[in-house]
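Now for the letters of each chain:
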Amino acid sequence: MKSMTKLMVVAMVLAAALVVAPVAARSISIPTSGTTVYVGEENLNFGSAFGTAPVTQLVHYSDPTAGAIDKTILADANGNITELTKAAIGTTTGPYYVFNASGSPTDRATSTGYVNIQNPQATLDVVLNANQQESVNAKSVTRTTPVAFKLTNNLNGLAGTGSAMQIEVTMPGGGVTTSFGGQNLKGIVVNGATVVKGPVSLTSTEAGTYTAIAKWPSGTDFYGKGFDSNTVTFEVSAKKLALTSNKDNVVRGNSFTVTIAGESLKTYQMYIKQEGSLDASEYPWIVAGQNGVTLVNDTIAGASGVKANVSANAGGTRSVQFNTNSSTDDRQFTIRVEDPTKTSTYDEVKVRVEEGDVTITTSGTGTYYIGEEITLSGTNTDSETVYLFLTGSNLPHNGVMLTGLMTDVQNGNASTFDQEDVEADDTWSFKWNTGDIQRSLDAGGYTIWAVSEPVDRAHLSDAKYQSAPVNLRSGFITATSSGAVVARGDDLTLTGTAQGDPGNVAVWIFGKNKQILAESATVEDDGSFEYELTNTDDLSAGQYFVVIQHPMGDRIFGITPGSGTQAGYIVGAPGSGFTYVNIARLQASDAATALINALDSPNIDDTYVKLTFVVAEATIFIDSIGDKDAGSTFTITGTTNLAVGDTLNVEVTSSAFGPSDKTQSSGFSSVTGTTTVKEGEGVNTWSFEVNGASFKPDQYMVKVESIETDTSATANFNVVEPRTTPTETVTPTETGTTVTTPTTTTTTTPTTTTTPGFGALLALAGLGAVAFLVLRRD
């Protein structure tokens, strides 16, 4: 009995020892090219197979040549590693060198071999059983389409160990199964080879979305350690065949797309059903060259591109684009798809093609000068090109082109119309430069037509169109000069407005022995121009004639100065009918008249404005000043023919003003300053305010000078002692009335005690000389 008890105790101890002692799941032998072991594997035995002594550690080098160690995995005394954990390996996978007690990790050559440590990877896909390269992951399949599960892995190191995974399928209702579509999805051996589980029949499956994942079952080394596969999803569709369109209505000129939903990789037949007696060009058409779409050499009413064989992709779908243009009839079309092996299986979708529209607007107010640029813009939803033409006064009824020679448009001939492409957003824009027209247009009202097809006015009902009215005016010019009279040496400015958007105008000036021929003045964006004549010093006094020439709509000057052997002539532009005239030998008025007569020629479209101005010698006049009280402030005024804005220097000095003794202060003063010429009535004026606070009684001289024209004027005036005025004494009466008694203040002429100035001295000297002559005569 005791012996039996002892045996039971020994058995229990042995059992306990078996539980505690590690039992190797896989023995690792000396590799020739590196045996692969996997993170997550348990009870790996690196025993005496690596030498006479058990393995002590596995070492990974960041730099094997230098022996730099970055990861070490220790084994137990028996050479076993209980588990290669993620925490221990991290991202440091690859070759690990094996060492026993006799090796030194710092010397890689003393290792007994190496193993290749990798993370276990398993990848799952759901594919068509008939074509296992076509994935249906995240796609839809019909119940009639068998599928398969394809599992790939990198677990070739587990070959022969019997390691296996299982595929779990989550059904639309939430249940999970490992038996699906007639396939047992458990015990799928993983050894590096690709495993396909199929065919998986969907015939009796519930419609909805399915999810599948390959997992490590309980009891395996990798269970619950995050090494399961990716998940895949697919939808089982209950409807066998369906056809949808991305648009219920489409404006012709645009495209639409229909999409088949059917069986995976099945070929269907798609076509447009015949609509009444439409011409071939009035149907939409299938765009050639689309993936999975093969046009069938078949026509409906002579129209090609209305029928095709369409192959569904792995998900059982395929999209097909149809195009339309302005010829497509505006009606509802029916597109049909059917199973060619069973024509009773079909679906249809209806798409209505609608007429588009054309709009046009003009920039600005609608009134323009011939020569200006007009921006035409709008929309066109009916075609990819907008066609433009013009009708109006003295033009053919059916219209002309807007540009060039403005040739007649021809119905159906696109080359006879101005054209503009329509942008992707259905907009268009066209710049009409009326200055480039090579045909004479009368001022008046015109109509611009924008049409979806190249049709003339008589056939507008055959297309979509809209019109915009414009009023065209002839260009004109106005001008004025800075003055009718200009002082010689002053600047003369000619300013004005030239409507019609010319780049420049030509300025002609004729005077005594002076001709300025067609000098250019730039016209600004607002139509204004300015020409400055800055060298009037060289002009003789007298009358001058100005002609300012506008080139009009063609922006070509019809009359220009001659050159070379025709220098001194005016000549006509080619085709103007005017030859030339020698104006160099003509007097000013005759030369101006000859130019005007040339511009008035009926073959010259230029217009002009004429002006005259007079060059006079510069003059400055000082108004009478009179006597001024000492210490007062007063204004000196005058007139001049100098230009408005000219600067005048003014100097007011005492006749006694001069050098003084250094020990004495001066008893007299002077004032200097500047003033500008102002515009007056008939004559320009100037004024200068004098502060005479320091002025003493004396004779003073005023000098006014223009530096630019080297012109001056002088005048004298006297400063006198301040004069007094009578005052009144108010005496109150008994009755309260006021009696005013004048009090007379006698003003006595003061005796001059001051030293006379330069003027007084000269007067005294003159008187003395006269007295002497009188005495001599006596």
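- Per an unreviewed UniProt entry, the protein chain goes by MEMAR_RS02690 family S-layer glycoprotein and derives from Methanoculleus palmolei.

**Section: the overall build of the protein chain**
Here comes step 1: Along its length, the protein chain carries four helices and 58 strands.
Here comes step 2: In the protein chain, which comprises 778 residues, the proportion classed as buried is 40%.
Here comes step 3: The long-range fraction of contacts in the protein chain, counting pairs at least 24 apart against all pairs at least 6 apart in sequence, stands at 65%.

**Re the pairing of strand 23 (residues 267–272)**
Here comes step 1: The buried fraction of strand 23 is high, at five of six residues.
Here comes step 2: Pairing between strand 23 and strand 26 (residues 307–311): five bridges, direction antiparallel. Bridge pairing in strand 26 links threonine 267 to serine 311.
Here comes step 3: As defined by bridge partners, strand 23 adjoins strand 28 (residues 332–339) across four bridges and the pair is classed as antiparallel. Bridged to tyrosine 271 within strand 28 is arginine 336.

**A look at the side chain of threonine 177**
Here comes step 1: Within the secondary structure, threonine 177 sits in strand 13 (residues 176–177).
Here comes step 2: For threonine 177, the side chain forms a polar contact with the main-chain oxygen of serine 179, separated by 2.9 Å.

**Let's talk about the sheet that holds strand 45 (residues 559–561)**
Here comes step 1: Within the open sheet, the three strands sit side by side as 45-46-47. Their pairing is antiparallel. The open sheet is flanked by strand 45 and strand 47 (580–582), the only strands paired with a single partner. Taking each pair of neighbouring strands and ignoring which way they run, the sheet shows an average axis angle of 20 degrees.
Here comes step 2: Across three bridges, the pairing between strand 45 and strand 46 (residues 569–572) is antiparallel. Paired with proline 561 across the strands is isoleucine 570, a residue of strand 46.

**Some points on the pairing of strand 51 (residues 633–640)**
Consecutive residues of a regular strand have side chains that alternate between opposite faces of the sheet.
Here comes step 1: Only one face of strand 51 is buried, namely the one carrying Phe634, Ile636, Gly638 and Thr640, since none of Thr633, Thr635, Thr637 and Thr639 on the opposite face is buried.
Here comes step 2: Relative to strand 51, strand 49 (residues 620–622) runs antiparallel, the two sharing three bridges. Directly across from phenylalanine 621, in strand 51, lies its bridge partner threonine 639.
Here comes step 3: Where strand 51 lies against strand 54 (residues 684–691), eight bridges are found, and the strand directions are antiparallel. Residue pairing across strands places glycine 638 opposite tryptophan 686, the latter belonging to strand 54.

**Structural notes on the environment of glycine 435**
Here comes step 1: Here glycine 435 is to be found in the loop between strand 35 (427–433) and strand 36 (444–451).
Here comes step 2: Each C-alpha atom, one on glycine 435 and one on glycine 404, is 9.9 Å from the other, the two residues being 31 residues apart in sequence.
Here comes step 3: Setting aside chain neighbours within four positions, we find glycine 435 in contact with Gly371, Glu372, Gly553, Asp554 and Arg555.

**Some remarks on helix 3 (residues 588–599)**
Here comes step 1: Across its twelve residues, helix 3 extends 17 Å between first and last C-alpha, which sits within 8% of the 16 Å expected from 1.5 Å per residue.
Here comes step 2: When we look at burial in helix 3, the residues that qualify are Ala588, Ala591, Ala592, Ala594, Leu595, Ile596, Ala598 and Leu599.

**Section: a negative patch on the surface**
Here comes step 1: A cluster of like negative charges, contributed by Glu384, Asp421, Glu423 and Asp425, occupies part of the molecular surface.
Here comes step 2: You can see aspartate 421 is positioned in strand 34 (residues 418–421).

**Regarding the environment of valine 258**
Here comes step 1: Its place among the elements puts valine 258 in strand 22 (residues 256–261).
Here comes step 2: Sequence-wise, valine 258 and serine 319 are 61 residues apart; in three dimensions their C-alpha atoms are separated by 5.7 Å.
Here comes step 3: Beyond its immediate sequence surroundings of up to four residues, valine 258 is in contact with Leu243, Thr244, Ser245, Met270, Arg318, Ser319, Val320, Phe322, Ile335 and Val349.

**Some points on the confidence of the model for the protein chain**
Here comes step 1: Mean pLDDT over the protein chain stands at 85; residues scoring 70 or higher make up 87%.
Here comes step 2: Low pLDDT, under 50, characterises residues 1–24; the predicted model gives this stretch seven contacts beyond four residues in sequence or across chains.

**Quick notes on the packing of aromatic side chains**
Here comes step 1: If you walk through the whole model with that rule in mind, you get 21 aromatic pairs.
Here comes step 2: With a centroid separation of 5.5 Å and 65 degrees between ring planes, the pair formed by tyrosine 369 and phenylalanine 476 is classed as edge-to-face. A residue pair is termed long-range when its members are at least 10 positions apart, and tyrosine 369 in strand 31 (residues 367–369) and phenylalanine 476 in the loop between strand 37 (465–473) and strand 38 (477–481) qualify at 107 residues.
Here comes step 3: Note on phenylalanine 476: relative accessible area 33%, which makes it partly exposed.
Here comes step 4: Their ring planes at 15 degrees and their centres at 4.6 Å tell us that phenylalanine 695 and tyrosine 700 sit as a pair that is stacked. Of the two residues, phenylalanine 695 and tyrosine 700, neither departs from the other in class, the shared state being buried.

**Describing the pattern of salt bridges**
When their charged atoms lie close together, side chains carrying opposite charge are able to pair.
Here comes step 1: The full count for this structure, using the stated rule, is 14 salt bridges.
Here comes step 2: Between glutamate 168 and lysine 215 there is a salt bridge; the shortest N-O distance is 3.5 Å. Taken together, the positions of glutamate 168 in strand 12 (residues 164–170) and lysine 215 in strand 18 (residues 208–215) put the pair 47 residues apart, joining distant regions of the chain.
Here comes step 3: Exposure remark for lysine 215: the relative accessible area of 29% places this residue in the partly exposed category.
Here comes step 4: For aspartate 501, the salt bridge identified is with arginine 555, shortest N-O distance 3.2 Å. Taken together, the residues aspartate 501 in the loop between strand 40 (492–498) and strand 41 (504–511) and arginine 555 in the loop between strand 44 (542–550) and strand 45 connect sequence positions 54 residues apart.

**Details of the nonpolar core**
Here comes step 1: The biggest cluster of nonpolar side chains holds 47 residues, and the ones touching the most others in it are Leu58, Val115, Ile117, Phe149, Ile167, Phe180 and Phe234.
Here comes step 2: Among the elements that line this core, the one with the most residues is strand 9 (residues 122–128), at four residues.
Here comes step 3: Here leucine 58 is in contact with Phe46, Lys71, Thr72, Ile73, Ile81, Tyr96, Tyr97, Val98, Val115 and Ile117, once residues within four sequence places are set aside.
Here comes step 4: Counting 27 residues, the second-largest nonpolar core is a separate cluster that includes Tyr268, Ile272, Ala303 and Phe333.

**Points about the sheet that holds strand 54**
Here comes step 1: Taken in spatial order, the three strands of this open sheet run 49-51-54, and their pairing is antiparallel. The strands lining the two open edges of the sheet, one partner per strand, are strand 49 and strand 54. Direction aside, the axes of adjacent strands within the sheet are offset by 30 degrees on average.

**A short note on the side chain of threonine 675**
Here comes step 1: Within the secondary structure, threonine 675 sits in strand 53 (residues 670–676).
Here comes step 2: Looking at threonine 675, its side chain comes within polar contact range of the main-chain oxygen of serine 687, at 2.7 Å.
Here comes step 3: If we ignore the near neighbours within four places in the chain, the residues touching threonine 675 are Asp646, Thr647, Leu648, Val650, Trp686, Ser687 and Phe688.

**Describing the environment of valine 251**
Here comes step 1: Inspection of the secondary structure assignment puts valine 251 in strand 21 (residues 249–251).
Here comes step 2: Each C-alpha atom of the pair valine 251 and threonine 328 lies 9.8 Å from the other, and the pair is 77 residues apart in sequence.
Here comes step 3: Not counting chain neighbours up to four residues away, the residues in contact with valine 251 comprise Thr324, Glu354, Glu355, Gly356 and Thr381.

Reading guide: rules and limits
- Residues numbered from 1 in each chain as written.
- Predicted model: local features only at pLDDT ≥ 70, side-chain atom pairs only at ≥ 80, totals over all residues.
- Heavy atoms only, no water.
- Helix = DSSP H or I, 4+ residues; strand = E, 2+ residues; numbered from the N terminus.
- Buried < 20%, exposed > 50% of the residue type's maximum accessible area, 1.4 Å probe, protein only.
- Contact = heavy atoms within 4.5 Å.
- Pairing = 2+ DSSP bridges.
- Polar contact = N/O pair within 3.5 Å; in protein donor to acceptor, adjacent residues only side chain to side chain.
- Axes fitted to C-alpha atoms, helices over the stretch in contact; angles between N-to-C directions.
- Expected span 1.5 Å × (residues − 1).
- Patch = residues over 30% accessible without salt bridge, like charges linked within 9 Å, V, L, I, M, F, W, Y side chains within 5 Å.
- Areas by Shrake-Rupley, 256 points an atom, 1.4 Å probe, with all protein chains shown as cover.
- Salt bridge = Lys/Arg side-chain N within 4 Å of Asp/Glu carboxyl O.
- Lys, Arg positive; Asp, Glu negative; His and termini not counted.
- Charge placed at Lys NZ, Arg CZ, Asp CG, Glu CD.
- pLDDT = per-residue confidence, 0-100.
- Phe/Tyr/Trp six-rings, centres within 6.5 Å; stacked < 30°, edge-to-face > 60°.
- Core = buried A, V, L, I, M, F, W, Y, C linked by side-chain atoms within 4.5 Å.

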